[in-house]
Amino acid sequence: MRSPRRRSFVVTLLLTMLASSIGSFSIGSAVTQEPIEPVRVAATVGMIGDVAAQVGGECAQVTSIMGSGVDPHVYQASARDVSVFQSAEIIFYGGYSLEGQLGEVLEGFSRRKPTVAVAEVTVPRGELITTDDAYGVDPHVWMDVSLWAGIVPAIARALGELRPECGDQFAANADRYVAQLGALHNWVGGAIATIPQGQRVLVTAHDAFSYYGRAYDIEVTGIQGISTESEAGVADIRQMARIVAERKVPAVFVESTINPRTVQAVVEAAGRLGHEIEIASQLYSDALGEQGTAGGTYIGMIYENTSNIVGDLGGEVPPLPDELAEWMQRWEPAAGEQR
């Protein structure tokens, strides 16, 4: 027969083991959490979609409506696009009429869900380039990296409102990306400065590079205006041919979203004026490059454009700064071949 002291000891031991088991179960239950469902994001153009993906990380699932080679000025929404917008929790677009005929569709969705015109809500009015055409404002803001960096914290805040549990991650990703863009901005300025002053003229198919020219001190002129809805006329082509002949411009550039025949017409017209000029490398203006390539990222777009401009106009492409080593490592050897 067990003594009272022995029974008391056994009971105490059992209670201790039970308490320990309950405590372990409670701690384990507190640690185990349901996975966070990524924010479903729709972006109109890749320059916005890539920024949203960089900020969102694993907490965002981003779909860009317009892929490589697509001109947003004349783009018309498809049934698939409307479906993407419907299933998204938030929509990001450029604004200032960049998306042209998508405007009415975006306005409709703005009454149902968060729909953010990133350039309109972030770029100070004094930094915008105004025009005397139907646009009123040049929408190609991403060509100035320092201005485009302003959309990063805005996107982080908008995503954080939908997934507060990912707020710290969004903020950290935004800080890292803004630092990369700051380094990229400085690098572009230094690279353009290597082009001899007399050759620092960028001739493109349409006026998509005005912000680039202002930010990085290079004269920019387009054969067409801001929009690509109407083609350049004979007078436009002859005027541009006279400019490149008088300035002895060594090269003119084609764009990935525009038919090169207008640029070819300028080259032929300049030849008749006695000035031989080359069609230079292709530039990204209104769309990123192919997905899965360096040019399919916003950093890669600016990097490859600048490398091509500098190389074809007689400058020397400097190496990228250390702040972009992570990006460079991911996209080697494609990015390295540009240098």
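Remember, it's a predicted structure, so these values are computed and weren't measured experimentally.

Novice: Would you explain the overall build of the protein in this entry?
Specialist: Secondary structure summary: the protein contains 13 helices and 8 strands in total. With 339 residues in all, the protein has 48% of them scored as buried. Summarising the internal contacts of the protein: among those between residues at least 6 apart in sequence, 70% fall at separations of at least 24. In the form shown here, the protein has an accessible surface area of approximately 16400 Å², with 51% of it arising from carbon and sulfur atoms.

Novice: Help me understand the environment of Arg 176 in this model?
Specialist: Turning to its location among the elements, Arg 176 is positioned in helix 8 (residues 167-192). Taking the C-alpha atoms as reference points, Arg 176 and Gln 54, separated by 122 residues in sequence, lie 9.4 Å from one another. Dropping the residues within four chain positions of it, Arg 176 is found in contact with Gln 54 and Glu 326.

Novice: Looking at this structure, how should I read the sheet that holds strand 1 (residues 39-43)?
Specialist: Either a parallel or an antiparallel arrangement is found when strands of a sheet pair, and the pairing is made through backbone hydrogen bonds. The 4 strands lie next to each other as 2-1-3-4, forming an open sheet whose pairing is parallel. Looking along the sheet, the strands with just one partner apiece sit at the ends: strand 2 (60-64) and strand 4 (115-117). Neighbour to neighbour, the strand axes of the sheet diverge by 20 degrees on average, direction disregarded. As paired elements, strand 1 and strand 3 (residues 90-93) share 3 bridges and run parallel to each other. Looking at strand 3, one finds that Ala 43 is bridged to Phe 92. Relative to the sheet, helix 2 (residues 46-56) contacts strand 1, strand 2 and strand 3, its axis offset from that of strand 2 by approximately 170 degrees. Docked against the sheet, helix 7 (residues 151-162) engages strand 1 and strand 3, running at close to 170 degrees with respect to strand 3.

Novice: I'm lost on the nonpolar core in this one. Help?
Specialist: Among soluble globular proteins, nonpolar side chains are generally buried collectively. With 85 residues, the main nonpolar core has Phe 92, Trp 148, Tyr 212, Tyr 298 and Ile 309 as its most contacted residues. For Tyr 298, the residues in contact, after removing those within four places along its chain, are Met 47, Asp 50, Trp 142, Asp 144, Val 145, Trp 148, Tyr 177, Leu 181 and Leu 288. The next biggest cluster of nonpolar side chains, apart from the first, holds 18 residues, and it includes Val 203, Val 244, Val 254 and Val 267.

Novice: Teacher, can you tell me more about the packing of aromatic side chains here?
Specialist: Geometrically, a pair of aromatic rings is defined through the distance of the ring centres and the angle of the planes. Evaluation of the coordinates by the stated rule reveals 7 aromatic pairs. For the pair Trp 187 and Tyr 303, a centre-to-centre distance of 5.3 Å together with 35 degrees between the ring planes defines the contact as tilted. Linking Trp 187 in helix 8 with Tyr 303 in helix 12 (residues 298-312), this pair joins segments that are 116 residues apart in sequence. Residue Trp 187 is classed as buried on the basis of its relative accessible area of 6%. On the basis of relative accessible area, Tyr 303 is assigned to the buried category, the value being 0%. Ring plane angle 65 degrees and centroid distance 5.7 Å describe the contact between Tyr 303 and Trp 327, whose orientation is recorded as edge-to-face. Of this pair, Tyr 303 sits in helix 12 while Trp 327 sits in helix 13 (residues 325-331), placing them 24 residues apart in sequence. Of the two residues, Tyr 303 and Trp 327, both sit in the buried class. An aromatic cluster of at least three residues, connected via ring pairs, comprises Trp 142, Trp 148 and Tyr 298.

Novice: Please clarify how helix 8 should be interpreted in this entry.
Specialist: Each α-helix winds once per 3.6 residues, and so residues spaced three or four apart point in a common direction. For helix 8, which comprises 26 residues, the first-to-last C-alpha distance of 37 Å matches the rise-based estimate of 38 Å (1.5 Å per residue) to within 8%. The complete set of buried residues in helix 8 reads Phe 170, Asn 173, Ala 174, Tyr 177, Gln 180, Leu 181, Ala 183, Leu 184, Trp 187, Val 188, Ala 191 and Ile 192. Structurally, helix 8 contributes buried residues whose contacts are with helix 2, helix 6 (145-148), helix 7, helix 9 (210-216), helix 12 and helix 13.

Novice: What is the right way to read unusual backbone geometry from this model?
Specialist: Only a minority of non-glycine residues have a phi that is not negative, and only a minority of peptide bonds are not trans. Unusually for a residue other than glycine, Tyr 96 sits at a positive phi of about 55 degrees. Locating Tyr 96 in the fold gives a position in the loop between strand 3 and helix 4 (103-110). Exposure remark for Tyr 96: the relative accessible area of 12% places this residue in the buried category. The backbone of Ser 97 shows a phi angle near 65 degrees, a positive value even though the residue is not glycine. Residue placement: Ser 97 occurs in the loop between strand 3 and helix 4.

Novice: I would appreciate a short explanation of the confidence of the model for the protein in the present structure.
Specialist: Regions with low pLDDT carry predicted coordinates that are not meant to be interpreted in detail. Averaged over the protein, the pLDDT score is 85; the fraction of residues at 70 or greater is 83%. Ignoring residues within four places in sequence, the model shows residues 9-30, a span with pLDDT below 50, making 1 contact including any to other chains. The low-confidence segment residues 226-230, where pLDDT is below 50, has 20 contacts with residues more than four positions distant or belonging to other chains.

Novice: Before we go on, may I ask you to explain the layout of surface pockets in this structure?
Specialist: Take a probe with the size of a water molecule and roll it over the atoms, and the empty space left behind shows itself. What the largest pocket holds in volume is close to 710 Å³. What lines the largest pocket is a set of 27 residues, and nearest its centre among them are Asp 50, Ala 53, Gln 291, Gly 296 and Thr 297. When residues of the lining of the largest pocket are traced back to their parent elements, those giving at least two are helix 2, strand 2, helix 8 and helix 13. Among the elements that take part in the lining of the largest pocket, helix 2 stands out by supplying 5 residues, more than any other. Here the second largest pocket defines a volume of roughly 200 Å³. Considering the residues around the second largest pocket, the lining is formed by 16 residues, among which Ser 97, Leu 98, Glu 99, Gly 100 and Gly 103 are closest to the centre.

Scoring rules and cut-offs
- Think of each chain on its own: its residues are numbered from 1, step by step along the sequence as written.
- Reporting of local features is limited, given that this is a predicted model, to residues whose pLDDT is at least 70; pairs of side-chain atoms are given and counted only at 80 or more, and all residues count toward the totals for whole chains, interfaces and linings.
- To obtain the side-chain values, all non-hydrogen atoms of the structure were included, while hydrogens and water were left out.
- Runs of H or I in DSSP of at least four residues are treated as helices and runs of E of at least two as strands, each being numbered from the N terminus.
- Here's how the labels work: a residue is buried when its accessible area is under 20% of the maximum for its type, exposed when over 50%, partly exposed in between, all with a 1.4 Å probe on protein chains only.
- Throughout, a contact is declared for two residues whenever any of their heavy atoms are within 4.5 Å.
- Only the protein chains shown count as cover for residues, and all accessible areas are computed by the Shrake-Rupley method using a 1.4 Å probe.
- Think of it this way: DSSP has to see at least two bridges between two strands before they count as a pair.
- Fitted lines through C-alpha atoms serve as axes, helices being fitted only where they are in contact, and the angles separating the N-to-C directions of these axes extend from 0 to 180 degrees.
- Put simply, buried Ala, Val, Leu, Ile, Met, Phe, Trp, Tyr and Cys residues joined by side-chain atoms within 4.5 Å make one nonpolar core.
- Between the rings of Phe, Tyr and Trp (Trp by its six-membered ring), a pair exists once the centres lie within 6.5 Å; its type follows the angle of the planes, with under 30 degrees stacked, over 60 edge-to-face, and the other angles tilted.
- Take the number of residues in a helix, subtract one, and multiply by 1.5 Å to get its expected span.
- Scored from 0 to 100, pLDDT records how confident the predictor is in each individual residue.
- The definitions used throughout rest on a 1 Å grid laid over the protein atoms alone, on which a cavity is an enclosed set of points accommodating a 1.4 Å probe that cannot get out and a pocket is an open set flanked by protein within 12 Å on both sides along at least five of seven lines; lining residues are those having an atom within 4 Å of a point.
- Grid points are joined across faces, edges and corners, and a volume is the space filled by probe spheres set on the points.

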